[in-house]
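Commentary on secondary and tertiary structure
Residues per chain, in single letters:
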Amino acid sequence: MTIASFDDLLRSASQQTEPQRLLFVFTAAELPDDATPEQRARFQVGEGGTLTPLMCVDKSPDELPSFEALLEESRRAGPGWDIVFVAALSGSAGRSPTSTDAEAPLQRMVESIKSGRIGSFIPFDIHGQPVSFG
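Proteins that are soluble and globular tend to have nonpolar side chains buried together. Core analysis: the biggest nonpolar cluster contains 16 residues, and F6, F24, F26, L70 and W81 have the highest contact counts within it. At the level of elements, α1 (6-14), β1 (20-30), α3 (67-77) and β3 (83-90) are the ones that each hand at least two residues to this core. In terms of residues, this core owes the most to one element, α1, which gives 4 residues.

In structure tokens form, the structure reads like this:
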């Protein structure tokens, strides 16, 4: 299934043969202090910079009815963000993964994002639209 929206993600997670837990890492676009004038100009028009993890959370698909619910909860819980990266943790033998099961994978996600290894995650912008990095 192609993920063309956040609703597609929720639908796909609910249709898997094993129960899923969705992992979210919220990030902010920032410009390094030592950025060049060219990098600063690109950043001003919404390009370039780095994505810094701000907070993370895990949810079962049943706990999250929509992107709007995730957005509202994130606004109450922490600072403003620009991109949220999503991954799924699969259960086994019909058992749903717990938040405890999600702790180590979430930390690995954070470390991967810090080092720029984001290819295995689905990024969404603040409007719930998938983002493509070129």
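Next comes the rest of the description.
This next bit is on the pattern of salt bridges. For the structure on display, the rule yields 8 salt bridges. One salt bridge in this structure joins R76 and E72, with 3.5 Å as the shortest N-O distance. Here R76 pairs with E72, and both are found in helix α3, just 4 residues apart, close to one helical turn. With a closest N to O distance of 3.6 Å, K114 and E111 form a salt bridge. Of this pair, K114 and E111 both sit in helix α4 (residues 99-114), 3 residues apart, which is roughly one turn of that helix. For K114, a relative accessible area of 55% gives the class exposed. Classification of E111 by relative accessible area gives partly exposed; the value is 44%. In the salt-bridge network here, residues are joined through shared partners; they are R21, D58 and E63.

The next point concerns α1. Those residues of α1 that fall on the buried side of the exposure criterion are F6, D8, L9, L10, S12 and A13. Buried residues along α1 sit in contact with β1, α3, β3 and β4 (122-125).

Okay, α4 next. Side chains three or four residues apart in an α-helix point the same way, a direct result of the helix having 3.6 residues per turn. Under the 1.5 Å per step criterion, the end-to-end length of α4 is 22 Å for 16 residues, consistent within 8% with the ideal 22 Å. Taken together, the buried positions of α4 are occupied by A102, P105, L106, M109, V110, S112 and I113. Those residues of α4 that are buried are in contact with β1, β2 (50-59) and β3.

Reading the values: rules and limits
Residues numbered from 1 in each chain as written. Predicted model: local features only at pLDDT ≥ 70, side-chain atom pairs only at ≥ 80, totals over all residues. Heavy atoms only, no water. Core = buried A, V, L, I, M, F, W, Y, C linked by side-chain atoms within 4.5 Å. Buried < 20%, exposed > 50% of the residue type's maximum accessible area, 1.4 Å probe, protein only. Helix = DSSP H or I, 4+ residues; strand = E, 2+ residues; numbered from the N terminus. Salt bridge = Lys/Arg side-chain N within 4 Å of Asp/Glu carboxyl O. Contact = heavy atoms within 4.5 Å. Expected span 1.5 Å × (residues − 1).

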